[in-house]
Structure formats: structure tokens, C-alpha cells
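# Descriptive analysis of the structure
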Amino acid sequence: MGSNTNSPPSTLSPLSGVQNQIMKSSNSSWKDLLAGKISPDLGEEIDIFETQLDRRLQGQVDEKVFAETRLRRGAYGQRYDNGQRHDGVETKTLPFPDGKSSKGPHTHWDAPGMQRIKIPYGGMNPEQLETMAELAEEYSDDIAHITTRQDFQLHFIYLDDTPTIMRRLAASGITTQEACGNSIRNVTGCPFAGVCHDEPFDVSPYAKALTEFLLGHPDCQNFGRKFKPTFSGCHQHSCGLTAMHDIGFTAKVREVDGEEVRGFEVVVGGGLGPVPRQAKVLSEFLDPGEILPITQAVARVFGRLGEKKNRNRARLKFLVEDLGLEEFVRLVEEERKILPDDDRWTSFLKDIEKNQEGPSRPPGKMPSEPSDPRRKAWLRSNVRPQKQEGYSAVTITLPLGDITSNQLRELADICREFTLGTIRTNVEQNFVLRWVSNDDLLTLHDALDKSGLGEPGASNILDIVACPGTDTCKLGISSSRGLAAELRDRLIAKGYELDEAIEGLHIKVSGCFNSCGQHHVADLGFYGVSRRLNGYKVPHFQVILGGQWEENAGSYGLPILAIPSKRIPDAVERITEKYMQGREKGEKFKDFVARIGKVEIKTMLQDLGQIPTHDEDPSYYTDWADAREYSTGDIGIGECAGEVVSSFDFDITAAERIEFEGQVQLEGKNYQEAGEHAYQAMIQAAKALVKVEFHDVTDDKVVDEFKTRFFDTEKIFDPYMGAKFANYLFQAHDKKDQAYEADRARHTIEEAQLFIEAVHACYDRLGAPLA
């Protein structure tokens, strides 16, 4: 089904009402069609989410808990979903349907949102590209967007459609679980892993193992904020960006007794955001068999000691800073010692050399230099020889990280024609096609060109990274995508023979201070701010200098001044011209800035802060690609981390869901299943309460721990009914192996409801502590 990509911003969605109803009516059909094609774990996770959607609509799930629930499935809010939009003069109410529950604080259920989709270390295959194409075409605005953490995002998605989207993704081996929220985010990795000349070994299988181990892990469900892991094959490049992650692994080798031994340097506590921090070394050389347990130990320390109330201090970087690295390392090492053994820690190592990628065609020779300047530029910037002689990795440049549905389908065909489907996303919002025979490079470029995917400029000044900004993000202050597009157009207009020093620069743009566009690690970074000039609000960008993209984000830049948005292209022109004219031989931009000083650069740019009055030229008072007079009235409440929701809230909500599913089984006269659900709901509720005091309680010890901690101490006793509700648990536990007939199943469900309420009341009496 095609979609209208030219809808004005005020419509918010590319789908008409009729189209959206068609999508909704097909959802149940997809569930039946895909039965048996989804792994049981992913299928159960999606079923649970769908149940929670229904229960939220019935008012049975708190809106804050539900917001975090959907965020942990990648279902994210989007600008204007509070039902308000500023038209340049005043804020107007958007006509979203009334009568439904909210999908979170200040968010309308029927307001379109964003679906984030995890792509671990960027690895994809042609079939997954085609699935993404179908979903972008049928449910979104015909555009799929690659993020700076190798994920995909689809915008203008309706919440009612998300279970079907998740099922269709799961059928192709993709999940959205924990793509957002206070969770372990996508495990990123070098897109050149396995083919890079500078790596000691391929980090891909280690990234895959960590991804599978952490997904849904019970030790990773009690964070105050998100947690981002990454893998890099070397120190000198920017592919893994370990310095700016919560935990980063960089491949290393050592010689031990005459043999080369693999290991990893491990760093922790990095991160960007408004207050960036460089990661610190946790281990100089970690055995590969310790990757999973050490990450588990770090997660447990973070979950137990990390900030829960103040979101601004809830990232791991602040915990490391507050404790000090030495104490943090000690805590992690102590935690590691008490972890129960898990076969998964090392089982993946025995197959580490299996499933290696390879070519579909024989190796070839690099083509001779073409006369066409555009093709010459493409070969120079987008083609990277692999360590396997005769093959290259080819970067497919996506301006702004966007690709259409048809381009995705054509790219899938190109993958099949030239490779064995070996393609990855990268952190610069592009694709990397691996194992291309050098004999095929020019033919490949022709095929990419026909699909509009043959642009040169990968990983250079033309390859500008930008977050969504004011296009769709609630926190956007200035139009990052609009500025990025304008800068790219102006640079392309200069031709492909840019000065080599200028060509190698990196520009990154964020719509606000949160650094989703990674402005801190760019040569030229910009983030959106607002200023009042001549009596009007004017979109501005702070200019950031001194960042370093190479060496895994080796250093962070600092802002020097704010300049009106429409003057930023002039600022880029002046800075690059100054560098080109004044640099010493071989001097890098970062070193040039340090040598001449930021005072000189700021003085050079100072006059750009002055703009004509509104009457003289009103264009300065609008933002890029937005005809409205500029306003910050559309800024909403962000969902980057969701609300801080305690472990108890999630656990007790799960108990309520299980009890509800028991009711469904009872209605279907499945009495045994109904009774078992009711009993499991009581166990889950008891576990929720026990975990407040003893987080590591196992399922087989829940009843005993509950009795010791809450029954024997009378904490669970009702002020009026005493031990009655607590005894329901013990009675159900004693009879758990007996068969359930209709009456007993019903009574157990009723008792489960009362027991869950008693647990709620006990938790409240305890002062609602954060587990």
C-alpha cells in the first residue's frame, strides 16, 4: 500500500483515516498468518505487550507504568502527541479522537508515534530489508530512518498497530524489545568487523552473544536510565565509539607462552548528553569468557546503586563518578564473585569461528581511476579495501539517514546480486555492504545509482549526521535535519574536488543539548538553542569545536557561542576557509583549533549573531524547512528514558497481567490453565514484594522468603483482615499440584486478586521504597 509522503506537518500522519482503519483491520490476520514463524520467546513477549495494551485501554495499568512498558518495546512518543501544535502565532489543539486512555503522561493514544527497531551491531540480511520496506510503506510515511546507534526508526506509527509490526519483524528475526526505556539498549559494533585491516580479530560473535544474553535479563530490569554497550575492533578508528558508552569492549591480543591470546579492553561510564563523560578503564585485558558475567555484574551494581529519583543523575557515568573508579571496580569484582554460574557465559566460545561471512564471487582488482569526478569521488570516499585481498566494503550514503521503501527493496536485490547478503548499518546513519568483489565495484555503483543510492561522500564533510530534531522529537529546539540538509546542499554545490583537509571533517547536528546527533565528537558540532533578538524568538545553534571522531570518540568539544540558525552556513564557510588557509602541513582540525585558540575563532564569528529586524527580513525568524514563525511552544516532555518506574511496579503489573490472562482462560472454560495462571500471579506478586528486600530471590524460594520476611513479621497483615489474604498464597501453594475444576479455578482467581491487592497495600505501608 502506498502512502502520501507530502502531508503537511499539521496532519501528523501520512495515513488517511481509511488507510489506518485498513491497517488495523489486518492486524488479527497477521497474527494468524505468522503463527509458528516467530520464536517462542519473542512471540510470548509480543503477546504480553498486546495484553498490556488492552489492559491500559480498560484502565487497569497505570499510565506511567504503561509508558515505560511500551518504551521497553520501542514504542516511543513523538512531537505533538500531547494534542498541541504551535502554528507560529498561537498553540492550537489537534483533533485527536477523544475517549481513549492516554498512552503515557500527556500523550494521546491515537497520536502517531515512533517505533524504534533494534539491529544488533547493525547486521541485516536482504529479507529483513524487505520486511522493513513493507512496514515503512504500510504503516509509516514510506521512509525508514537509520539512527546513530545502528537502529531503525519508523515514524508516524499508531500504537494499535505496534503488536503487528513487532510480529512481522520477529518473523524475520528482528526484535524491538528494550529498544527504548530504562533498559539495555542496542549492542552496537564496528560495521567493518571481520574485514578491517586494523583489527586483531572479528568482534561480531562476541557482540551477538552479549545481545542474546542481555535481552530481557532479570538483572537488567531495575535501571534508573538506559545502558548502552558497544564493541570495537581497534582503538584508532571511530567505528565502535567505546569512549562514549556505558560499557565498551575493544579487541586486543597478547602473547602468552608463545601463543596469541584474545582479550578485550573494557571501559565503563562513558556517555554524551548535556554533561558528557569519557569512559574509564575497567579492565586492561579481559578474557572473552568474562564478557557476559562482567557486564552482568556491572548491570547489577548499576541497578542496585544507580540513581532512581533524579533522572539527570541516573546514568552509569554519574555512578562511576560519584563512587570513584577504584570503588566502582571493587564493587563490580565483588558482584562477579557471587554470581551463580551460567553456561551461556562461555558456551558461545566453542562456535566462535563458525558462521563466518564470506564472498559470493571471486576476488578482483581495483578499477583504474575513472574520468568522471563523481565516480572518482565515490571510489575515494565510499570504498574501503578489506583485509581479504580482492574485496572491498562499500558504504551506501543515506542523506539524513533516510531510505524509502522502494530503495530498501532495490537494495535487498543488490545485496543478493553482489554478495551473500552481508550488509550492516553504521553509526553515521548509512549502510555498509561487505564482501564486494573489486571487479564488481563499478557495476555495483551503476546499480546503486539507479536506485538513488550512489552518492559519494561517506564519512566526510558531506556525510552530515543529524538527530530528528524539531521534525518529530518532543525535545527539539531547532531544526537539526533542516540545517543538515542545507549544509549538505551548499557543500555539494562546491563540487566534488573539495580540499583534502576540508573533505575529511565531520559535521554533526543535534536539535537540543542532549547530543543525540553526537555533536560533542564532531570537528564541527552544533546543537539547537533559542534566543530572543529584536523582540522575537529566533532559532540558534551553539557552535562546538574541539571534538574528535577518530580514536573511538577520543575527545569532546565545547561550545564557543550561539549563532542564529540561518547564519550557521556562513559560520561553516568561515571556519573551514580559516582552516584551509591557516593550517600547518598535516595539521588536523582539532590541533589547529587548539593552536590558534577559540577566542580568535569566536571573534571571527561574533558578527554573525546580528540579524536584520523582523520587518527587514522575516526569514531569520523561521527555522530551516519550516514556514511557521519560530516558537518553542511545541517542546514537550521527552521519553528518552521514560518515567523512573521501580522494579516492584513492573513485577506487580506482571502479576496483574497473569491474573487477567487467568480470567481469559476461565471464560474459555480452560479451568486448569485458569487456576495455574491464578497461582502464578500470586507467586509473581509475592516475588515483587520479596525483591524489595532480597532482589536475587529465585522462584523456588519465593514462598519461603515471603513467609520469613513479610508473614512472620506481620508486614503483610491487613489492618482489618489480618493474615487472611496472605494465607491465600500458602493455600494455593500447598495445593498447586491438584487439578483445577471450574469452581476451584474461579475461587483461586478471586483469591489471587485479593492477594495482589494486599501486596499493593503492604508496599504502600512500607513507604513505596525503590527496589
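No experiment lies behind these values; they were computed from the predicted model shown.

Calculation rules
Residues numbered from 1 in each chain as written. Predicted model: local features only at pLDDT ≥ 70, side-chain atom pairs only at ≥ 80, totals over all residues. Heavy atoms only, no water. Helix = DSSP H or I, 4+ residues; strand = E, 2+ residues; numbered from the N terminus. Rg over C-alpha atoms; globule rule 2.2 N^0.38 Å. Contact = heavy atoms within 4.5 Å. Areas by Shrake-Rupley, 256 points an atom, 1.4 Å probe, with all protein chains shown as cover. Buried < 20%, exposed > 50% of the residue type's maximum accessible area, 1.4 Å probe, protein only. Arc of directions from axis to C-beta. Pairing = 2+ DSSP bridges. Axes fitted to C-alpha atoms, helices over the stretch in contact; angles between N-to-C directions. Parallel < 35°, antiparallel > 145°, perpendicular 65-115°, else oblique. Left-handed = near helix turned anticlockwise from the far one by under 90°. Nonpolar A, V, L, I, M, F, W, Y, C, P; charged D, E, K, R; others polar. Core = buried A, V, L, I, M, F, W, Y, C linked by side-chain atoms within 4.5 Å. Salt bridge = Lys/Arg side-chain N within 4 Å of Asp/Glu carboxyl O. Expected span 1.5 Å × (residues − 1). Phe/Tyr/Trp six-rings, centres within 6.5 Å; stacked < 30°, edge-to-face > 60°. Disulfide = S-S within 2.5 Å.

Moving on, we come to the overall build of the protein. In terms of helices and strands, the protein carries 24 helices and 22 strands. Taken against the 2.2 N^0.38 rule, which gives 28 Å for 771 residues, the C-alpha radius of gyration of the protein at 27 Å falls within 12% of a compact globule. When contacts within the protein are restricted to residue pairs at least 6 apart in sequence, those whose partners lie at least 24 apart make up 71%. By element, 48% of the accessible surface of the protein is carried by carbon and sulfur atoms, the whole surface being about 30,900 Å².

Attention shifts here to helix H18 (residues 589–596). Since the α-helix packs 3.6 residues into each turn, any two residues three or four apart lie on the same face. Every buried residue of H18 is listed here: Phe589, Phe592, Val593 and Ile596. Along H18, the residues classed as buried sweep out an arc of 100° about the axis, all on the same side. Tucked into the core, H18 has its buried residues touching strand S20 (524–533), strand S21 (536–545), helix H17 (568–582) and helix H19 (598–605). Phi turns positive one or two residues past the end of H18, at glycine 597, with a value near 90°.

This brings us to the sheet that holds strand S22 (residues 558–564). On the basis of which strands lie adjacent, the open sheet formed by 5 strands has the order S18-S19-S20-S21-S22 and mixed pairing. What marks the edges here is a single partner per strand, and that holds for strand S18 (465–466) and S22. Bridge count for S18 against strand S19 (residues 507–510) is 2 bridges, and the pairing is parallel. Within S19, the position partnered with alanine 466 by the bridge is valine 509. Its contacts with the sheet place H19 against S21 and S22, and it is angled at close to 5° to S22.

Let's shift gears to the pairing of strand S6 (residues 143–146). Pairing of S6 with strand S15 (residues 402–404) involves 3 bridges; the strand directions are antiparallel. Its bridge partner lying in S15, isoleucine 143 is registered against threonine 404. Bridge count between S6 and strand S7 (residues 152–157): 2 bridges; the pairing is antiparallel. Its bridge partner lying in S7, isoleucine 146 is registered against phenylalanine 152. Taking the residues between adjacent antiparallel strands as the criterion, S6 and S7 are bridged by 5 residues, where glutamine 150 takes a positive phi near 70°.

Our next topic: the packing of helix H21 (residues 671–693) against helix H24 (residues 742–765). Interaxial distance between H21 and H24 falls to 8 Å at its minimum, and their mutual angle equals 15°. As far as their axial angle goes, H24 and H21 are roughly parallel. With respect to the hand of their crossing, H21 and H24 are arranged in left-handed fashion. Residues Tyr671, Ala674, Gly675, Ala678, Tyr679, Ala681, Met682, Ala685, Ala686, Leu689 and Val692 of H21 pack against Ala742, Ala745, Thr748, Ile749, Glu751, Ala752, Phe755, Ile756, Val759, Cys762 and Tyr763 of H24. Taken together, the residues that form the contact of H21 with H24 break down as 19 nonpolar, 2 polar and 1 charged.

Our next topic: the nonpolar core. Membership of the largest hydrophobic core comes to 52 residues, with the highest contact counts inside it found for Phe231, Phe249, Phe264, Ile291, Val298 and Phe328. No other element matches helix H7 (residues 291–305), which puts 8 residues into this core. Among all residues touching phenylalanine 231, those that are not within four sequence positions of it are Val187, Thr188, Gly189, Cys190, Val203, Tyr206, Ala207, Leu210, Gly240, Phe249, Phe264 and Ile291. In terms of nonpolar packing, the next biggest core, distinct from the first, is built from 41 residues, Leu666, Ala678, Ile683 and Ala685 among them.

Applying the stated criterion across every chain, the model contains 59 salt bridges. Linking arginine 300 and aspartate 219 is a salt bridge whose minimum nitrogen-to-oxygen distance equals 3.1 Å. Here aspartate 219 lies in the loop between helix H6 (204–214) and strand S9 (229–232) and arginine 300 lies in helix H7, a separation of 81 residues in the sequence. Assigned by exposure class, arginine 300 and aspartate 219 land together as buried. Residues joined in a network through salt bridges with shared partners are Asp219, Arg300, Arg304, Glu335 and Asp696.

Before going further, it helps to spend a moment on H17. Between its terminal C-alpha atoms H17 stretches 21 Å, which fits the 21 Å expected from 15 residues at 1.5 Å a residue. Among the residues making up H17, those that are buried are Ile568, Pro569, Ala571, Val572, Ile575, Thr576 and Tyr579. The buried residues of H17 all sit within an arc of 155° when viewed along its axis, so they share a single face.

Further remarks concern the packing of aromatic side chains. Applying the stated rule across the entire model yields 24 aromatic pairs. Each ring, one from phenylalanine 66 and one from tryptophan 109, has its centre 5.6 Å from the other, and the planes form 20°; the classification is stacked. Placement of the pair is phenylalanine 66 in helix H3 (residues 63–71) and tryptophan 109 in the loop between strand S3 (91–93) and strand S4 (113–117), with a sequence separation of 43 residues. Overall, the relative accessible area of 0% leaves phenylalanine 66 in the buried class. Using a relative accessible area of 3% as the deciding quantity, one classes tryptophan 109 as buried. Judged by centre distance (6.0 Å) and plane angle (90°), the rings of tyrosine 206 and phenylalanine 348 are edge-to-face. With a gap of 142 residues between them, tyrosine 206 in helix H6 and phenylalanine 348 in the loop between helix H10 (344–347) and helix H11 (373–382) connect regions that are remote in the sequence. The pair formed by tyrosine 206 and phenylalanine 348 is uniform in burial state, with each residue classed as buried.

Before going further, it helps to examine the sheet that holds strand S13 (residues 383–385). The antiparallel open sheet is built from 5 strands, whose spatial order is S5-S16-S17-S14-S13. Both edges of this open sheet fall to strand S5 (123–124) and S13, since each of them pairs with a single strand only. As defined by bridge partners, S13 adjoins strand S14 (residues 391–396) across 3 bridges and the pair is classed as antiparallel. Residue valine 383 lies in a different strand from S14, and its bridge partner there is valine 394.

Considering all chains together, one arrives at 0 disulfides under this definition. Cysteine 190 forms no disulfide, and the closest cysteine sulfur to it belongs to cysteine 239, at a distance of 3.6 Å. Take cysteine 190: its relative accessible area is 5%, and that puts it in the buried class. Here cysteine 467 is not cross-linked by a disulfide; its sulfur's nearest cysteine counterpart is in cysteine 516, at 5.8 Å. When its relative accessible area of 9% is taken as the criterion, cysteine 467 is described as buried.

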